[in-house]
Amino acid sequence: MEEIKTPEGGTVIKIPIEDEVKQAYIDYSMSVIVQRALPDVRDGLKPVHRRIMYSMESLHLKSGGATKKCATIVGDVLGKYHPHGDASVYDALVRLGQDFAQRYTTVTPQGNFGTIAGDPPAAYRYTEAKMSKITEEMVADINKNTVDMVRNFDDTTDEPSVLPAKFPFLLCNGTTGIAVGMATNMPSHNLREVAAAVSAYIDNPDITIEELMKYIKGPDFPTGGTIYGKAGIKKAYTTGRGKVTIRSKFTIETDKKGKESIVFTEVPYGVNTTNIIRRIKELVRDKQIEGIVNANDESSDRTGMRIVVDLKRGAITKIVLNQLFSKTDLQSNFGVINLALVPQDKEGAPRYDEPGLYTLPSQYLKPEILTLKQLIALFVKHRDEVITRRTIYDLKVAKHRMHILQALIKAINNIDEVIKIIKESADTEAAKRSLEKRFDFDEEQSQAIVDMQLKRLTHLQIEDLQNEIKELQAWIDYLQDLLDNHNKILEIIRNDTNELAEKYGDDRKTEIVADEVEQINVEDMIKEEDMVVMISRLGYIKRVSVEKYKKQDRGGKGSNSAALLEDDYINQLFIGSTKDYLLFITNVGKAYWIKVHEIPESERTSRGAHIKSLLAVGPDEEITAVVSLKEFAEDQYIRLKEHFLQKTPIAGIIESPEKTIMIGFDIDAGPILFNLSPSGTSFGIGPATFFNDTTTRKALLKTAELAGSTITVKDKSHYLLANIALVGEAITLAMRTSVPVNQ
């Protein structure tokens, strides 16, 4: 690369801008992935959470002590460990203390830490916090060289790269985060179930995920709710990705006057109850949900969560519930993405080395999507490493203490000589050198002897030293046995996790229903009532409830039914249920259908909507026939296809996902006029011939006098006039041409 020296003595290096942008973006992406957004699979924490817990440990904010201003904690984290904004630190601190966000809170809050209704927390100058007992388990033994310590951002102090984490934070509390090009969304679980699964894995490392699911039934969210179906859970546990459907729990209450209310006592995880109330009121206002009088959030610390939806008299509760579940967050999906940072070995100097005892290779972190078994295995592996390093540390401390005690006992047994040597020495250093030379002590032993108080020379103190040596030797033997027998370390992991479950475990909050959530049928959400359907000559259509029309006696004036355009008039009117079908036939031989309730309900005097706005008809299509049907029966047909009279089952129309089907009638000679009548009798225009189910071909041959049942029209100005009527089991056709038959 070209280098240019500047007059100031600096150097400018010319590089392509695309290379610099690429490298800068990669550096930024890796910083977000590793240092901000994703958790470490070992302790389950993002860097900001880890730094908050370590800071509280450094500030001695124990669970049994007093709380301290959150401003103190945030300032300590920012000043020593986290070179980012104070809002990110305080938001993370608050979330650790919210019982609706964390299955097991790791911060004990004092003051306003926000609510599930979306109320924000108070500023950090007002709130206080301290560690919870679970957090103490997270940082336990951190001073025993159990984890790697790294320099902080300004190289002034050390911070842990990971916490010892006796508590399985990632499995029990889950996490969520958005990085660059990837995201994580892990659900929380029940501590008792996780402890049982960890024990099962330790007993049998080859255990399958299906067997682990006998212990961990599924996610257990802090807000409760009901999970429907196990397919999504199994997929998430076996592949690391899945979708879990959660519904709110509710009860039906009836007051003294007989009015019903739906009371939701638990909601899906991550849902804002204020938004739910706002959404319900919007749906009621826009008449998308019928039967609701009011909705209020009556939650309190005394009564717990109570989202109350008051129903109108006569409202069908099931229909209202289905509408609420389909149109609000009272039912939601939790998309599981088990993405976490997993340590990977790399070449280089070992990060931990105790010759002859334990060596750990250098590592880097890599994001991976993990199965349930991998999450458990990596937690056990981390605890295995922590306990092994703790054992080595305790062993070294015990041996060091034994080394000192042996010197003290030796000195006490030769106390007169020791005192003489010290008295005859010029200073402390000379006394130490003389003791080392006479009794073969090392530096530490000689220092302990010269520091020994005279009260240690009593008979009682000597016995205490001898007893301490015996206990210390037993402790050393135990620690050495742990290092020699790996299975005993695994047993400690099992016992530690089960002990946590006994201390902090609780019953499952989220219920799991084996059946998949039933598909919400739109028909269940529609109240069945009679509607007046009107269609104008220009194609405007509307429906009006029959209740808006009143019966008139003789001499009544009548009432206006629509404000139509000039030269427009109502040419079709019929009464049908909201669950009836409307069948539309166009001039190019297509049949469309919609339900009556899909037609916008209008006021009695409004014009309505144009039919083409409701159907996906082509630009050159014209609707030429409409009929109302209760159902698409399999024994009903449209008998027309191209130039032939042929049966087209009506039932096939409803099976089309596009709500349309080509019934195949298309004449090149010009427009085809249909008139489909909902009456029970057939009719025709002029000398048209009628056809029924048994005489279709025979009658066509007799009337058209054409072999093969074809009609050929050469001039596009000519037309075929067809009349279709619903008669018994079939729709019959009558047709007439505007030209002689022999053409």
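Calculation notes
Starting from 1, residues in each chain are numbered consecutively following that chain's sequence as written. The model is predicted, so local features are restricted to residues of pLDDT at least 70 and side-chain atom pairs to those at 80 or more, both for listing and for counting; the totals for chains, interfaces and linings are taken over all residues. Note that the side-chain values use all heavy atoms of the structure and ignore hydrogens as well as water. Any two strands are treated as partners once DSSP identifies two or more bridges connecting them. Numbering goes from the N terminus for both helices and strands, where a helix is a DSSP run of H or I of at least four residues and a strand is a run of E of at least two. Here the nonpolar core consists of buried residues drawn from Ala, Val, Leu, Ile, Met, Phe, Trp, Tyr and Cys, with membership extended through side-chain atoms lying within 4.5 Å. Only protein chains enter the accessibility calculation, which uses a 1.4 Å probe; a residue is then buried when its area is under 20% of its type maximum, exposed when over 50%, and partly exposed in between. Whether two residues touch is decided by their heavy atoms; if any such pair falls within 4.5 Å, the residues are in contact. We call two N or O atoms a polar contact when they sit within 3.5 Å, provided that within protein one can donate a hydrogen and the other can accept it, with sequence-adjacent residues counted only if both atoms are side-chain atoms.

A. Representation of the sheet that holds strand β24 (residues 570-577) within the structure. One open sheet holds the 4 strands; their spatial order is β24-β22-β23-β27, and the pairing between them is antiparallel. At either margin of the open sheet sits one strand with a lone partner, and together these are β24 and β27 (609-610). Looking at chain direction, strand β22 (residues 530-536) and β24 are connected through 7 bridges and run antiparallel. Of the residues in β24, the one forming a bridge with Met534 is Leu573.

B. Layout of the nonpolar core. In this structure, Ile52, Phe167, Ile376 and Val380 are the most contacted members of the largest nonpolar core, which totals 105 residues. Here this core takes 19 residues from helix α12 (residues 372-413), the largest share from any one element. Apart from residues no more than four positions distant in its own chain, Val380 is found in contact with Val198, Tyr201, Ile202, Leu490 and Ile493. In this structure, Ile116, Ile280, Ala295 and Leu330 belong to the second largest nonpolar core, which totals 23 residues.

C. Layout of the side chain of Arg247. Looking at the element boundaries, Arg247 is found in strand β11 (residues 241-247). Arg247 gets classed as buried once you look at its relative accessible area, which sits at 4%. At a separation of 2.4 Å, a polar atom in the side chain of Arg247 contacts the side chain of Gln331.

D. Region of interest: unusual backbone geometry. The phi dihedral of Ala165 falls on the positive side, at around 50 degrees, and the residue is not glycine. Counting through the fold element by element, Ala165 comes out in the loop between β7 (158-160) and α6 (169-173). We note that Lys287 has phi near 60 degrees; this positive angle belongs to a residue other than glycine. You can see Lys287 is positioned in the loop between α10 (273-285) and β14 (292-297).

E. Seen up close, the pairing of strand β25 (residues 581-586). Burial analysis of β25 places 6 of its 6 residues in the buried class, the great majority of the element. The alternating pattern of β25 places Tyr581, Leu583 and Ile585 and Leu582, Phe584 and Thr586 on opposite faces, both of which are buried. In this structure, β25 lies alongside strand β26 (residues 590-595), joined through 5 bridges in antiparallel fashion. In the strand pairing of β26, Phe584 is matched with Tyr592. Taking the residues between adjacent antiparallel strands as the criterion, β25 and β26 are bridged by 3 residues, where Gly589 takes a positive phi near 85 degrees. The sheet contact formed by β25 and strand β28 (residues 623-629) spans 6 bridges and is antiparallel. Residue Leu583 lies in a different strand from β28, and its bridge partner there is Val627.

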